[in-house]
Amino acid sequence: MKRVASENPVAPDPDAVPDTASALLNFDGISYAKGASALRQLVAWLGEKDFLAGINTHFARHKFANATLADFIDNLASATDRDVHAWAETWLRTTGVDTLTARVQESDGTWTLAVDRDGSRPHRIAVGAYDHDPDAHNPTGITPLVLRDRFEIDVPADGTAEALPGRRPALLVLNDKDLGYAKIRPDAPSWDTVLTSLSGVPDPLTRAVIWNTARDMVRDGELAPTTYLEAARTHLPHETDLALAQGVLAFAHNHIADHYTAPEKRPAALALITALCRDLIRRTEDGHNPGLRLIAVRHLIDAATQPDTIHDWLTNGTVPGGPELDPELRWRILNRLSVLGAADEATIAAELEQDPSATGREGAARCRAAFPTPEAKAAAWQAMFHDDSLSNYLFTAVAQGFWQPEQADLVRDYVPRFYPEATALAARRGPAIAEAAGRHAFPAHAIDTDNLRLGEQALDDEALTPALHRKLVDQIDDLRRALTVRTTH
């Protein structure tokens, strides 16, 4: 039976949460991130004035007392003519995410924006209309964009259409300012503008919405991973927002290079990421953005395919021009050197002597598990699945070191062993280790049909604990996505 990634509503029915273990499984990114987005959408859908009126009524009625979700919805409903109860049912009691797709037509000096909805929820979103700024100084080769108009629209079940005067803008951004929770698909001319001018979008939140759209398109097999990497190579050197830089680089490395790219193409992907990080490091030589420089240094370390540069940093205790290496960066370099076979036990032991903290012990465990030798892998596997003496943190560190894309042939025989041994481990050691095993010890880099088949079979094992089952469902969905992306592109 095919499973998709974990889905649960923001506010599940109490009957669907029969015990404490089930309740704990529902406190995840869906509860927090989606819940926060749903509240933001509720404000947009109701309007801030009515939302605040309903909130004030709620606080007045239930001060110094408990209240239920039903009470909250009733109080909001008292402040508006909109059907808040229906909104809550579709937004809080259902699973999944809608997709909103833009279509634009031009005729007789007007343009019509149509938004098609694939899903079950009503939406109120902002639409940003951006044009190129021909008068802007353009030293980077990226033409800046200026906001021409921003307006809010409702997207009901059958979609929506709105006719607007003048020529169509160069870029239309659905869900500008991130008022809603939905996947966004731009029209073709807007996407062409994104590829050439994304870093020219003036607002970092709008840029984040666009980067998230690109990420979703890659994950859904609609955008070639190489196109995402090329966009990052073009636009990230001009990025100033730290969260955006970190998010784009993390997706480029952890998802595209490590999972969505075939092994023979991975060196090229890592080379592009490395070159991008070097650009960011050069750009921050004057010390004006140390946070961005640190992000670039970390990702250059993680993407290094040759040990010389990062080994020199470790020897000198600093990156030329800064930063000086703190324990986190030293262990990060040692971990990458261990993966590349350029570190040994004596080096790890010496570093651990200098940093005997809990973080140091985790770093040493991660490095030892990353050594590219059969003996190191056998010892790490024994410690994870049979010794039962590792703390949760040390277990996670060993698991993070064990699986490496560069070492796929070395650890191939461990892939089928994971499922029965993780099942037994979870039963012995409880939900925290089960979650760590499913998240970190899963053979995520074995992107092949054999691993997918083994994983799908494992989901039918009645011995699986709920915590491990939940993580495996997510991991196997990610594995299925990676296979689809590889075969599509």
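Scroll up for the structure.
Residues numbered from 1 in each chain as written. Predicted model: local features only at pLDDT ≥ 70, side-chain atom pairs only at ≥ 80, totals over all residues. Heavy atoms only, no water.

Asks: When you look at the overall build of the chain in this model, what are you seeing that I'm missing?
Replies: Helices and strands together make up the secondary structure of the chain, namely 21 helices and 7 strands. Taken over C-alpha atoms, the radius of gyration comes to 25 Å for the chain, in line with the 23 Å a tight globule of 489 residues would show. If one aligns the C-alpha atoms of the chain with their principal axes, the spans along those axes are about 70 × 60 × 45 Å. With 489 residues in all, the chain has 48% of them scored as buried. Within the chain, contacts between residues separated by at least 24 positions form 68% of all contacts whose residues are at least 6 apart in sequence. Positive and negative side-chain charges of the chain, numbering 49 and 70 respectively, have mean locations separated by a distance of 0 Å. (Helix = DSSP H or I, 4+ residues; strand = E, 2+ residues; numbered from the N terminus. Rg over C-alpha atoms; globule rule 2.2 N^0.38 Å. Buried < 20%, exposed > 50% of the residue type's maximum accessible area, 1.4 Å probe, protein only. Contact = heavy atoms within 4.5 Å. Lys, Arg positive; Asp, Glu negative; His and termini not counted. Charge placed at Lys NZ, Arg CZ, Asp CG, Glu CD.)

Asks: Would you mind showing me how to read the layout of surface pockets here?
Replies: Rolled over the atoms, a probe as big as a water molecule pinpoints where empty space is left. Each pocket or cavity is described by its volume, and for the second largest pocket that value is around 540 Å³. In terms of lining residues, the second largest pocket is bounded by 27 residues, among which Pro405, Ala408, Arg412, His445 and Ala446 are the most central. For the lining of the second largest pocket, the leading source of residues is helix α20 (residues 449-458), giving 4 residues. Split into classes, the residues belonging to the lining of the second largest pocket amount to 13 nonpolar, 5 polar and 9 charged. (1 Å grid on protein atoms, 1.4 Å probe; cavity = no way out; pocket = protein on both sides within 12 Å on 5 of 7 lines; lining within 4 Å. Points joined across faces, edges and corners; volume = space filled by probe spheres on them. Nonpolar A, V, L, I, M, F, W, Y, C, P; charged D, E, K, R; others polar.)

Asks: Explain the packing of aromatic side chains here, please?
Replies: When we look at a pair of aromatic rings, we describe it by the centre distance and by the angle of the planes. Inspection of the entire model under this criterion finds 16 aromatic pairs. Aromatic pair tryptophan 87 and tryptophan 91: ring centres 5.6 Å apart, planes at 15°, arrangement stacked. Of this pair, tryptophan 87 and tryptophan 91 both sit in helix α5 (residues 84-92), 4 residues apart, which is roughly one turn of that helix. One exposure class covers both tryptophan 87 and tryptophan 91, and it is buried. (Phe/Tyr/Trp six-rings, centres within 6.5 Å; stacked < 30°, edge-to-face > 60°.)

Asks: What's the story with the sheet that holds strand β6 (residues 171-174) in this structure? I'm lost.
Replies: Each strand in a sheet pairs with another by means of backbone hydrogen bonds, the pair being arranged parallel or else antiparallel. Across the sheet, which stays open at both edges, the 3 strands sit in the order β4-β3-β6 with antiparallel pairing between neighbours. The sheet terminates laterally at β4 (145-155) and β6, the two strands that pair on one side only. Each strand of the sheet is rotated relative to its neighbour by a mean of 20°, with strand direction disregarded. As paired strands, strand β3 (residues 123-132) and β4 are joined by 10 bridges and run antiparallel to one another. Note that in β4 the partner of alanine 129 across the bridge is aspartate 149. Here helix α6 (residues 188-197) sits on the sheet and contacts β3, β4 and β6; the angle it forms with β6, its principal contact strand, is near 100°. Against the sheet, helix α7 (residues 204-219) engages β3, β4 and β6, with an angle of about 80° to β6. (Pairing = 2+ DSSP bridges. Axes fitted to C-alpha atoms, helices over the stretch in contact; angles between N-to-C directions.)

Asks: Quick question: what am I supposed to make of empty space enclosed by the protein here?
Replies: Following the criterion strictly, the structure yields 2 cavities of 30 Å³ or more and no others. A volume near 80 Å³ is recorded for the largest cavity. Lining the largest cavity, in full, are Leu171, Leu172, Val173, Leu174, Ile184, Pro186, Trp191, Val194, Val209, Ile210 and Thr213. Only β6, α6 and α7 provide two or more residues apiece to the lining of the largest cavity. Element by element, the count of residues in the lining of the largest cavity is highest for β6, at 4 residues. Of the residues contributing to the lining of the largest cavity, the split by class is 10 nonpolar, 1 polar and no charged. Within this model, the second largest cavity holds a volume of roughly 50 Å³.

Asks: Got a minute to help me understand the side chain of glutamine 407 in this structure?
Replies: Within the secondary structure, glutamine 407 is located in the loop between α17 (392-402) and α18 (415-429). The exposure class assigned to glutamine 407 is buried, which follows from its relative accessible area of 4%. Not counting residues up to four positions away in its chain, the partners in contact with glutamine 407 are Val339, Ala370, Phe371, Pro372, Lys377 and Phe402.

Asks: Explanation requested: the sheet that holds strand β5 (residues 160-165) in the structure shown.
Replies: Read across the sheet, 4 strands follow the order β5-β2-β1-β7 without closing on themselves; strand pairing throughout is mixed. Looking at the sheet topology across the chains shown, the edges are occupied by β5 and β7 (183-185). Geometrically, the sheet is characterised by an average inter-axis angle of 20° between neighbouring strands, direction not taken into account. Here strand β2 (residues 110-118) pairs with β5 via 6 bridges, running antiparallel. Counterpart to valine 115 in the pairing with β5 is threonine 160.

Asks: Can you walk me through the packing of α7 against helix α9 (residues 242-260) in this structure?
Replies: Two packed helices can be described by the angle between their axes and the distance between those axes. Here α7 crosses α9 at 10°, and the two axes come no closer than 11 Å. Relative to α9, the element α7 lies roughly parallel. Contacts between α7 and α9 pair Pro204, Arg207, Ala208, Trp211, Arg215, Val218 and Arg219 from the former with Leu244, Val248, Phe251, Ile256 and Tyr260 from the latter. When the residues that make up the contact of α7 with α9 are grouped by side-chain class, the tally is 9 nonpolar, no polar and 3 charged. (Parallel < 35°, antiparallel > 145°, perpendicular 65-115°, else oblique.)

Asks: Would you explain the environment of valine 84 in this entry?
Replies: Locating valine 84 in the fold gives a position in helix α5. Here the alpha-carbon distance between valine 84 and alanine 224, two residues 140 residues apart in the chain, equals 40 Å. Filtering out sequence-adjacent residues up to four positions away, valine 84 remains in contact with Trp45, Leu46, Ile73, Leu76 and Ala77.

Asks: I keep staring at the environment of glycine 166 and nothing clicks. Help me out?
Replies: Relative to the elements of secondary structure, glycine 166 occurs in the loop between β5 and β6. Along the backbone, glycine 166 and alanine 378 are 212 residues apart, and their C-alpha atoms lie at a distance of 68 Å. The residues contacting glycine 166, other than those within four sequence positions of it, are Gly109, Thr110 and Trp111.

Asks: Help me understand the pattern of salt bridges in this model?
Replies: Opposite charge on two side chains permits them to pair, given that their charged atoms come into close proximity. This model, assessed by the stated rule, comprises 35 salt bridges. Between arginine 167 and aspartate 131 there is a salt bridge, and its shortest N-O distance comes to 3.3 Å. Note that arginine 167 is positioned in the loop between β5 and β6 and aspartate 131 in strand β3, a separation of 36 residues in sequence. We classify arginine 167 as exposed; its relative accessible area is 55%. The residue glutamate 351 makes a salt bridge to arginine 330 at a minimum N-O spacing of 2.7 Å. Here glutamate 351, found in helix α14 (residues 345-354), pairs with arginine 330, found in helix α13 (residues 327-339); they are 21 residues apart in sequence, far enough to count as distant. Classification of arginine 330 by relative accessible area gives partly exposed; the value is 22%. Because the salt bridges share partners, they merge into one network encompassing Lys183, Arg185, Asp220, Glu222, Glu456, Asp477, Arg480 and Arg481. (Salt bridge = Lys/Arg side-chain N within 4 Å of Asp/Glu carboxyl O.)

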